Amino acid sequence: MAYDPIHQFHIEKLIPIEIGGVDLSFTNSSLFMALTVAGASAFLLLATRNRRLIPSRGQSAAELTYQFVENTLKDSAGSAGMKFFPFVFTLFMFILVANLWGMFPYFFTVTSHIIVTAALSLTVIIVVLFYGFWKNGLGFLKLFVPSGVPKVLLPFITLIEVLSFISRPISLSIRLFANMLAGHITLKVFAGFVVALGSAGFLGILGAILPLIATVALTALEFLVAALQAYVFAILTCLYLNDAIHPGH
Amino acid sequence: MEAEAAKFLGAGIACIGMGTAGIGLGHIFGNYLAGAIRNPAAADGQFGRLIFGFAVTEALGIFSLLIALILLFG
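First things first, this report covers the structure right here in the doc. (Residues numbered from 1 in each chain as written. Chains lettered and ligands numbered in written order. Predicted model: local features only at pLDDT ≥ 70, side-chain atom pairs only at ≥ 80, totals over all residues.)

1. Quick word on the overall build of chain B
Check the secondary structure of chain B and you find 3 helices and 0 strands. Listed N to C, the secondary structure of chain B is α-α-α in terms of helices and strands. A compact globule built from 74 residues would reach a C-alpha radius of gyration of about 11 Å, whereas chain B, at 17 Å, exceeds it by more than 25%. Considered along the principal axes of its C-alpha atoms, chain B spans approximately 60 × 15 × 10 Å. Within chain B, the proportion of its 74 residues that are buried is 12%. Nonlocal contacts in chain B, meaning residues at least 24 apart in sequence, comprise 91% of its contacts between residues at least 6 apart. (Helix = DSSP H or I, 4+ residues; strand = E, 2+ residues; numbered from the N terminus. Rg over C-alpha atoms; globule rule 2.2 N^0.38 Å. Buried ≥ 20, exposed ≤ 12 C-beta atoms within 10 Å, placed from the backbone. Contact = placed C-beta atoms within 7 Å.)

Rendered as structure tokens:
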């Protein structure tokens with residue numbers, strides 16, 4: 001039990017609620033989602049409370065995240081994509097803060113559950129589909145028929161494009177979920193090595209230094225992954241939105 | 001063969017996919033670095049594309065990791 005690397009992802013009911021046979025319990029996952037929203041809101045609200053022309057350190061941090069997402073969105077979707085800025089920024093901050101909360105020992109990682117990431121990525125794809133058809137009408141289907149392709153190859157290319165579009169929500173959700181899951185399992189497994197070796201006498205404690213160093217290094221790597229995956233999710237959202245804004249490119 | 005043994009073997013075989021995705025990622029970052037050294041001024045502008053290529057390639061390795069995890073714990 002103590003060495004079980006999967007146990008950390010167990011969902012526990014904190015406040016059992018059941019309405020009409022539907023389980024609506026307040027779980028540890030819900031708690032950490034609420035903490036994520038609270039953390040992100042508190043950071044942005046506190047940092048921009050006393051706005052000044054020469055920003056304080058907190059205000060600079062908030063402005064940096066804002067400009068970072070703004071540049072990402074403008075680079076990939078153009079200035080027409082700026083109307084989606086609140087959407088992309090919310091996604092980025094939610095995933096970033098959820099991943100960072102998960103880095104605390106004994107804390108629950110919201111994004112290590114595929115149901116959470118699948119809901120996020122389906123939101124993105126539904127927004128892309130609705131906006132694409134609303135803005136371009138049937139012209140949105142040009143996305144699947146690239147121009148300048150020989151007539152013989154066109155059916156195959158179209159099929160491949162459709163398949164690649166269908167696999168987008170799958171890969172978007174699985175990437176985030178599997179990265180967080182695998183990272184946290186690896187951390188736990190190496191931490192388990194330290195405990196197992198440490199209980200094996202003096203030589204074991206000497207040997208346990210190696211996995212301890214590995215655990216420290218992996219923790220640093222996990223912080224990098226936590227930020228990188230939030231960025232990857234945001235940039236892919238921008239690219240998919242670009243398809244909806246300018247199809248047929 | 002025992003079903004349990006076949007599961008562990010399958011999980012190990014699935015991890016080959018992660019290694020090949022690692023080769024692909026090495027190509028991406030290696031070529032980016034080679035290009036960035038030749039033309040450092042243009043390097044920052046391509047960072048988004050680097051990450052996009054990284055994400056798309058990494059997804060394939062992650063899929064095989066997922067298969068291994070499902071076999072081990074599913």
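After presenting the structure, the write-up continues.
2. Brief notes about unusual backbone geometry
Backbone geometry follows two general trends: most residues other than glycine have a negative phi, and most peptide bonds adopt the trans configuration. All names here are of chain A. Positioned with a positive phi, Y106 is a non-glycine residue whose angle comes to about 70°. Mapping Y106 onto the fold places it in the loop between α3 (85-102) and α4 (114-136). On the basis of neighbour counts, which here come to 5 C-beta atoms within 10 Å, the residue Y106 falls in the exposed class.

3. Some words on the interface of chain A and chain B
On the side of chain B, 11 residues touch chain A, which itself brings 15 residues to the contact. Broken down by element, the residue count for the side of chain A that touches chain B peaks at 6 residues, all from helix α5 (residues 154-198) of chain A. In the side of chain A that touches chain B, the residues fall into 9 nonpolar, 4 polar and 2 charged. (Nonpolar A, V, L, I, M, F, W, Y, C, P; charged D, E, K, R; others polar.)

4. Brief notes about the packing of α3 of chain A against helix α7 (residues 209-245) of chain A
All names here are of chain A. Packing of α3 against α7 brings their axes to within 8 Å, and their N-to-C directions diverge by 160°. Relative to α7, the element α3 is oriented roughly antiparallel. Between α3 and α7 lies a crossing of right-handed hand. Taken together, the residues of α7 that come into contact with α3 (itself represented by V88, L91, F92, I95, L96, N99 and L100) are A226, A227, Q229, A230, F233, A234, T237 and C238. (Axes fitted to C-alpha atoms, helices over the stretch in contact; angles between N-to-C directions. Parallel < 35°, antiparallel > 145°, perpendicular 65-115°, else oblique. Left-handed = near helix turned anticlockwise from the far one by under 90°.)

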